[in-house]
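Chain and residue survey
Chain by chain, the residues:
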Amino acid sequence: MDYQLSFKQWLENDEVAQEDKARLRALSEEEKKEMFFAPLEFGTAGMRGVLDVGENRMNIFTVRRATKGLADYINTLGEEARKRGVVISYDTRKFSSEFAIESAKVLSANGINTHLFEDVRPVPVCSFAIRHLNAVAGIMITASHNPKIYNGYKVYGDDGAQMSPESTDKVVEFIDKTPYFGINTAEVKMCAGCIKGKDNVKFDAHITVIGKSVDDAYFAQLEKLSLSPEAVKSHGANVRLVYTPIHGSGFMPVTSILGRMGIKVNVVEEQAKPDTEFSTVRVPNPEEADTLRLGVELADKIGSDIVIGTDPDADRMGIAIRNDKGEFILLNGNQIGVLLCNYILRRKSETGKLPQNGAIVKTIVTTELARKLAASFGVETFDVLTGFKFIGEKIKEWEISGQYEYLFGFEESYGSLVGTHARDKDAVVASMMFAEMVCYLDSVGESVYGVLQGIFEKFGYFVEKSTSVTFGGLDGMEKMRNIMLQLRAAKYTEIEGTKVLAVSDFVSRKKINADGSEEDISLPKTNALKLHLENGDWICVRPSGTEPKLKFYVATSKAAKEDATALADRYLAYMRSLAQ
């Protein structure tokens, strides 16, 4: 549809509030194009966008439309699916509770049961609740660690993982047929304040508000994952940990599980309460050093060596630790994942609980250090495509076949999962496990920094870096597609003096070796290209699925940190030059 026609329909529709119409009238022509040139894209990760009026923005109309599409899909699955219903959760972002309640009303109007959380809950609790309540799907209202102007809408399948591409395609077919206006919603009075504190309370024939009972079941599962209860008992009350939820949904579950275990935690009070403006940080992203600044300041004040931070929907965990010089350093996602993996395998090995068929799972852009570490314990490593749903698929596959026992899964983007209670990233259990690791290391006279350096000394210093190139303008997606075509057509022999041994194209699902021979790639088709270099180095490029952004990943390892870092920087600069 022409953007001007779409704009006119929104401006003239009676459902659009007068203040929003005033906003529309004040738009420049360029702003109209950006906000109405196309509907907000709905993919396997749902949809995410800037909060504003219009088809290409997150607002009550785009949320209702997406939910109606999901409802139409569920109704094709029959009465049992309608009765099993949909779990709905939300984080602390602007309009998150409103979007969640409106989603429940749309589903109710379509005869579908909903289990709506009484207050903010993070991604992992939503994922757990889907399986715990035997729901057919789940909705999580969040934009993860993006800036405050964003919100989003994630959809989950009945296994607790983000919805499969096949099911998503069917939902999108229904969404595409759905208008933005005239969508029926249940006539029930609900607001964030009136549902708070409720548990298993019905608000109409289809909407049940849930809370504490699901929380307790979730915490009970996490407690079973403890590997060092003796160390926690002897050192938990005395360790000095700092935690910040960064105004997000992690505060209640993280402090609750640590409290249940008996681990003392010092919370950054300025960031403990929900704040839609995330006013104490530039971005609510625990990967950024300045986001953890207040945590580090508190750690210095109380003499702590560890700062833990979770993002607004508590699926990612960031960590700052003190090095041997007494300075705080920020760990990257690969280092955090390797430390957790090492702790889990070490403790299971020490206690005789490491299974012979144990396996870990990582993505194709996650450090190869994990493979070397796992192999030293006799544990297999499996690669999957980027996206935690693929790690969830491995868990499901092995639960059915019994071929392997899942021990740990993680990705370089600060997400991991200990246990199988959920099927998405869980920063709550990651925080619990990291805190327990600190207790254990304290009990044996070791430090987190010392363990990490020991891993590097044993296996080599691994450096992984990533960067993104964003293509502005309305033709940004087209520019990105053209560059991906150019990258696929290029011939690679060596990069920065390192020979290219093979190129994996995940669209053709072929790995082309330097001698011209080909190998099939068993992973599903996806838009990514990976270069395999000498010495185990690699480079990967893939476009974002939701915005005009190319993502580059590089990895190398050397005996010395300086050499590995310098080569990784050169790899990254070379790849960026190809995207100009």
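Now for a description of the structure that goes with this document. (Residues numbered from 1 in each chain as written. Predicted model: local features only at pLDDT ≥ 70, side-chain atom pairs only at ≥ 80, totals over all residues. Heavy atoms only, no water.)

Some details on the side chain of lysine 32
By the element assignment, lysine 32 lies in helix H3 (residues 29-36). With a relative accessible area of 17%, lysine 32 lands in the buried category. In this structure lysine 32 touches Tyr3, Phe7, Leu27 and Phe37, once residues within four positions along its chain are discounted. (Helix = DSSP H or I, 4+ residues; strand = E, 2+ residues; numbered from the N terminus. Buried < 20%, exposed > 50% of the residue type's maximum accessible area, 1.4 Å probe, protein only. Contact = heavy atoms within 4.5 Å.)

Description of helix H19 (residues 476-489)
Between its first and last C-alpha atoms H19 spans 20 Å; for 14 residues at 1.5 Å apiece the expected length is 20 Å, and the two agree. Of all the residues in H19, the buried ones are Gly476, Met480, Ile483, Met484 and Leu487. Each buried residue of H19 sits inside an arc of 105° when the element is viewed along its axis, so together they form one side. Of the exposed residues in H19, those oriented more than 90 degrees away from the buried face are Leu485, Gln486 and Ala489. Buried positions along H19 lie against strand S22 (529-533), strand S23 (538-543), strand S24 (549-558) and helix H20 (561-578). (Expected span 1.5 Å × (residues − 1). Arc of directions from axis to C-beta.)

Remarks on helix H16 (residues 388-401)
Taking 1.5 Å of rise per residue, 14 residues should cover 20 Å, and H16 covers 20 Å from first to last C-alpha, within 8% of that figure. All buried positions along H16 are accounted for by Phe388, Lys389, Phe390, Ile391, Gly392, Lys394, Ile395 and Trp398. Looking at the packing, one finds that the buried side of H16 touches strand S13 (358-363), strand S14 (380-384), strand S15 (405-411) and strand S16 (415-417). Where H16 ends, the next residue or the one after it, glycine 402, has phi of about 75°, a positive value.

Focus on the sheet that holds strand S9 (residues 266-267)
The strand order across the open sheet formed by five strands is S9-S8-S10-S11-S12, and the pairing between neighbours is mixed. If you trace the sheet from one side to the other, it starts and ends with S9 and strand S12 (328-330), each paired once. Here strand S8 (residues 241-244) pairs with S9 via two bridges, running parallel. Within the sheet, the bridge partner assigned to valine 242 lies in S9 and is asparagine 266. Docked against the sheet, helix H13 (residues 293-302) engages S8, S9, strand S10 (306-310), strand S11 (317-322) and S12, running at close to 160° with respect to S8. (Pairing = 2+ DSSP bridges. Axes fitted to C-alpha atoms, helices over the stretch in contact; angles between N-to-C directions.)

Here's the deal with the packing of helix H15 (residues 369-376) against helix H18 (residues 448-459)
Here H15 crosses H18 at 85°, and the two axes come no closer than 11 Å. The angle between H15 and H18 places the two elements in the roughly perpendicular class. Contacts between H15 and H18 pair Leu369, Lys372, Leu373 and Ser376 from the former with Ile455, Phe456, Lys458 and Phe459 from the latter. When the residues that make up the contact of H15 with H18 are grouped by side-chain class, the tally is five nonpolar, one polar and two charged. (Parallel < 35°, antiparallel > 145°, perpendicular 65-115°, else oblique. Nonpolar A, V, L, I, M, F, W, Y, C, P; charged D, E, K, R; others polar.)

Side note on the environment of threonine 386
Of note, threonine 386 is situated in the loop between S14 and H16. For threonine 386, a relative accessible area of 23% translates into the label partly exposed. Sequence separation of threonine 386 and proline 274 is 112 residues, and the distance between their C-alpha atoms is 30 Å. In contact with threonine 386, other than residues within four places in its own chain, are Thr363, Ile364, Val365 and Arg542.

Notes on unusual backbone geometry
Despite not being glycine, serine 144 has its phi angle at roughly 55°, a positive value. As for its placement among the helices and strands, serine 144 is situated in the loop between strand S4 (137-141) and strand S5 (150-156). Judged by its relative accessible area of 6%, serine 144 falls in the buried class. Here asparagine 535, not a glycine, exhibits a phi torsion of approximately 65°, which is positive.

Quick look at a negative patch on the surface
On the surface, a cluster of negative charge is made up of Glu166, Asp169, Glu173, Asp176 and Glu393. For the negative patch, the element with the most residues is helix H8 (residues 165-176), which contributes four residues. Mapped onto the fold, aspartate 169 is located in helix H8. On the basis of relative accessibility, which here comes to 49%, the residue aspartate 169 falls in the partly exposed class. (Patch = residues over 30% accessible without salt bridge, like charges linked within 9 Å, V, L, I, M, F, W, Y side chains within 5 Å. Areas by Shrake-Rupley, 256 points an atom, 1.4 Å probe, with all protein chains shown as cover. Salt bridge = Lys/Arg side-chain N within 4 Å of Asp/Glu carboxyl O. Lys, Arg positive; Asp, Glu negative; His and termini not counted. Charge placed at Lys NZ, Arg CZ, Asp CG, Glu CD.)

Regarding the sheet that holds S14
Strands pair in a sheet through their backbones, by hydrogen bonds, and they do so in one of two ways: parallel or antiparallel. Spatially, the four strands line up as an open sheet ordered S14-S13-S15-S16, and their pairing is mixed. Sheet topology places S14 and S16 at the edges, where each strand pairs with a single neighbour. Direction aside, neighbouring strands of the sheet carry axes that sit 20° apart on average. Alignment of S15 against S16, held across three bridges, turns out to be antiparallel. Its bridge partner lying in S16, glycine 409 is registered against leucine 417. Its contacts with the sheet put helix H14 (residues 333-350) on S13, S15 and S16, and the angle it makes with S15 is roughly 165°. Along the sheet face, H16 touches S13, S14, S15 and S16 and points at about 175° away from the line of S15.

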